[in-house]
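Results of the structural survey
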Amino acid sequence: MSADALIARFEQEKSRALGRSLRRDAGLYYTPPGVAAQVMEVALRSVGGATGRVLDPCAGAGAFLVAAARAGLRDLHGFDLDPQALRVARKALSLCGASARLRKADSLRLDPREPADLLVSNPPYGHVADARERAFLLDKFPALRGGEIDRYAAFLLRALQLVRPGGAAALLVPDTWMFLSRSGALREAVLAQAEVAAIVDLGKPFASAKDTRVQAVVLLRKPARLRSTYVGRGSVALSPVSRAELANAARRGWFVYRTSGERALCAAMEAAAVPLGAACAVGYGMRTGANARHVARRAPAAAEIGLVGGEDVVPYALRWRPKTLLHPEPLGPLVRRQLGAPRVAVQRIRTNAQAPWARWLEAAIVPRELVCLDSLSTLACADDDRLWALLAWVQSVALQRYHRLRTTDVNVKPSALRELPVARTLLESPRELAELARCRAAVGIPEADLHRLDRRIDACVYRALDLPSRLVHAAEQGFWGERFGQEIQALERAMSDPVDTVAGKEATA
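Each chain carries its own residue numbering, running from 1 in the direction its sequence is written. Local features are withheld for residues below a pLDDT of 70 in this predicted model, meaning they are given only at 70 or higher, and side-chain atom pairs are given and counted only at 80 or more; totals for whole chains, interfaces and linings count all residues. Note that the side-chain values use all heavy atoms of the structure and ignore hydrogens as well as water.

1. Comments concerning the overall build of the protein
Numbering of helices and strands runs from the N terminus, with a helix taken as a DSSP run of H or I at least four residues long and a strand as a DSSP run of E at least two residues long. Across its full length, the protein holds 21 helices and 21 strands. Atoms considered for the radius of gyration are the C-alpha atoms alone. The globule rule reads 2.2 Å times the number of residues to the power 0.38. In terms of overall dimensions, the protein is globule-like: its C-alpha atoms have a radius of gyration of 26 Å, near the 23 Å expected for 509 residues. In terms of overall dimensions, the protein has C-alpha extents of about 75 × 55 × 40 Å along its principal axes. Think of it in three bands: with a 1.4 Å probe and only protein chains considered, a residue is buried below 20% of the maximum accessible area for its type, exposed above 50%, and partly exposed in between. Considering the protein as a whole, with its 509 residues, one finds that 53% of them fall into the buried category.

2. Quick word on the nonpolar core
One finds L144, W177 and W254 to be the most contacted residues of the largest nonpolar core, which totals 97 residues. Looking at which element gives the most residues to this core, the answer is helix α6 (residues 151-162), with nine residues. Should any heavy atoms of two residues lie within 4.5 Å, those residues are counted as being in contact. When neighbours within four sequence positions are excluded, W177 is seen to be in contact with Y152, L156, S183, L186, R187, V190, Q215, V217 and W254. In this structure, C280, L379, L387 and L491 belong to the second largest nonpolar core, which totals 57 residues. The definition of a nonpolar core used throughout is a set of buried Ala, Val, Leu, Ile, Met, Phe, Trp, Tyr and Cys residues joined through side-chain atoms within 4.5 Å.

3. Thoughts on the sheet that holds strand β17 (residues 343-347)
Strand order in the open sheet formed by four strands is β11-β20-β17-β18, with antiparallel pairing between adjacent strands. Because the sheet does not close on itself, it has two edges, and the strands there are β11 (281-284) and β18 (363-366). Along the sheet, successive strands turn relative to each other by an average axial angle of 30 degrees, direction set aside. Taken together, the four bridges between β11 and strand β20 (residues 376-380) define a ladder with antiparallel strand orientation. Its bridge partner lying in β20, G283 is registered against T378. All axes are obtained by fitting lines to C-alpha atoms, using only the stretch in contact for helices, and the reported angles, taken between N-to-C directions, cover 0 to 180 degrees. The sheet strands contacting helix α13 (residues 384-394) are β17, β18 and β20, and the helix crosses β18 at an angle near 160 degrees. Two strands are counted as paired when DSSP detects at least two bridges linking them.

4. With respect to the pairing of strand β7 (residues 214-221)
Across the eight residues that make up β7, a large majority, seven, are buried. Direction of pairing for strand β6 (residues 194-201) relative to β7: antiparallel, over a ladder of seven bridges. Bridging across to β7, D201 finds its partner in Q215.

5. A short note on the sheet that holds strand β3 (residues 101-104)
With respect to topology, nine strands assemble into an open sheet ordered β3-β2-β1-β4-β5-β7-β6-β8-β9, the strand pairing being mixed. Only two strands of the sheet have a single partner each, and these edge strands are β3 and β9 (236-237). Where strand β1 (residues 54-56) and strand β2 (residues 76-80) come together, three bridges link them in parallel fashion. Across the sheet, the residue bridging to V54 is L76, located in β2.

6. So, the packing of helix α2 (residues 33-47) against helix α3 (residues 63-70)
α3 packs onto α2 with a crossing angle of 55 degrees between their chain directions and a minimal axis gap of 9 Å. Here α2 is positioned oblique relative to α3, judged by the angle of their axes. For the pair α2 and α3, the crossing hand works out as right-handed. Here A36, A37, V39 and M40 of α2 lie close against α3, whose contacting residues are A63, F64, A67 and A68. When residue character is reported, Ala, Val, Leu, Ile, Met, Phe, Trp, Tyr, Cys and Pro are called nonpolar, Asp, Glu, Lys and Arg charged, and the others, Gly included, polar. Residues of the contact of α2 with α3, tallied by class, amount to eight nonpolar, no polar and no charged. Throughout, the term roughly parallel applies to angles under 35 degrees, roughly antiparallel to angles over 145, roughly perpendicular to angles from 65 to 115, and oblique to all others. Left-handed describes a crossing in which the near helix is turned anticlockwise from the far one by less than a right angle; the clockwise case is right-handed.

7. Here's the deal with the pattern of salt bridges
Salt bridge criterion: a side-chain nitrogen from Lys or Arg within 4 Å of a carboxyl oxygen from Asp or Glu. According to the stated counting rule, one finds 32 salt bridges in the structure shown. One salt bridge connects D312 with K323, and the closest N-O pair in it is separated by 2.7 Å. Of this pair, D312 sits in the loop between β13 (306-308) and β14 (313-314) while K323 sits in the loop between β15 (317-318) and β16 (324-325); the two residues are 11 residues apart in sequence, bridging distant segments of the chain. Pair check on accessibility: D312 and K323 agree, each one buried. In this structure, the salt-bridge partner of R438 is D385, at a minimum N-O distance of 2.9 Å. Of this pair, R438 sits in helix α17 (residues 431-441) while D385 is found in helix α13, placing the two residues 53 residues apart along the sequence.

Below, the structure written as structure tokens:
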């Protein structure tokens, strides 16, 4: 049996023994050998080649130490809490003609005799629920305060304590720490202690966590040479990011997975716009705290309140599965905040989609007598034309593309929506786009006409942003992929129509 097969068999048996719930609680997502090799390649490229003492503080069955051995490294060390996993790691390394000093230990608490030159690891993921463990982590890593405590975030900081000054830490971690608003202090703490040498998007390699997108991140503990951060997607290099840019955006979030053309597109959109949060009120729907008690799946009777959730929203329309609020008394203030005013509801939890042109922002108008649940984010304003225009704006190709270049999170949070750009010209004159949105939301329109309307909406949005042709093409190419050729022709036909006739034509279509 090969080392890879030995590790894979152990991890499969361990996963079955734990079951889905216990594995998730422990935050265990085992590393495919190809991914471990990718992380090792990024690490060695970042440090300029072979290094000395190598440590995996969460060694498991040895995937990263095997990758290090295959890369020619020999001074190998590892910690793990599972002695059975360490036995497998020893055997796997012996099959590669290598060995390591492995020890059963909690690497968050144990201080090794010597620091590592290179740390490589896939630390556990997931939120820490145990109160004593949370207190320990907050005391040891104050930068974790202010949000949910995630195991991998603690290891980002712990890794820098386990390497020597000038040493490197290469970790396989979820990428959400880069853009979550509550992780601002964590990003600042990382920059205070290290140079970010590389950030590489490695996709979603875990079958047991299909929505978890991970990255290889390489940190060089100070003192280290100032450098731009290498940014990549798999083996493809993207636009590098300067340290100054990371420092300036540490509180707001890092949005780095862009080519130079994609960076230019986002910058041009932002220059012509204000944040969506300045144009309307952006918030969560109502959280009941106990849906089993407060939500009934039936139509509301007289004097009862109807509820809308994420399952009810498709682009521009509600496909309502009736729900009713029960025992509304403790939720009165939350209900009153929504009732009496129409809102745009944006589906908050998006699943993975294979097609590049799948919408990641899906929205519909919710009538004033219904209340949105927290599976929706909401947009509200007093100007009816503006509200309808925003409905079309957030679902346009330009905004879909911008949103996907800003975040990989499948959770469409209000914090992300507030940062979306809205053209100043749209706020000054929303009527044309509002009329197109009303036409698009009408019932009974043939599918071909719906797509034609979508293209007219996109044309209106591009005109409002006043983007040059090359940036329009960049947005379209990124969104449509292989359909770009036919879609750019449809867009150009829509853009050639006189601006003042577009809404009128669609109103009588």
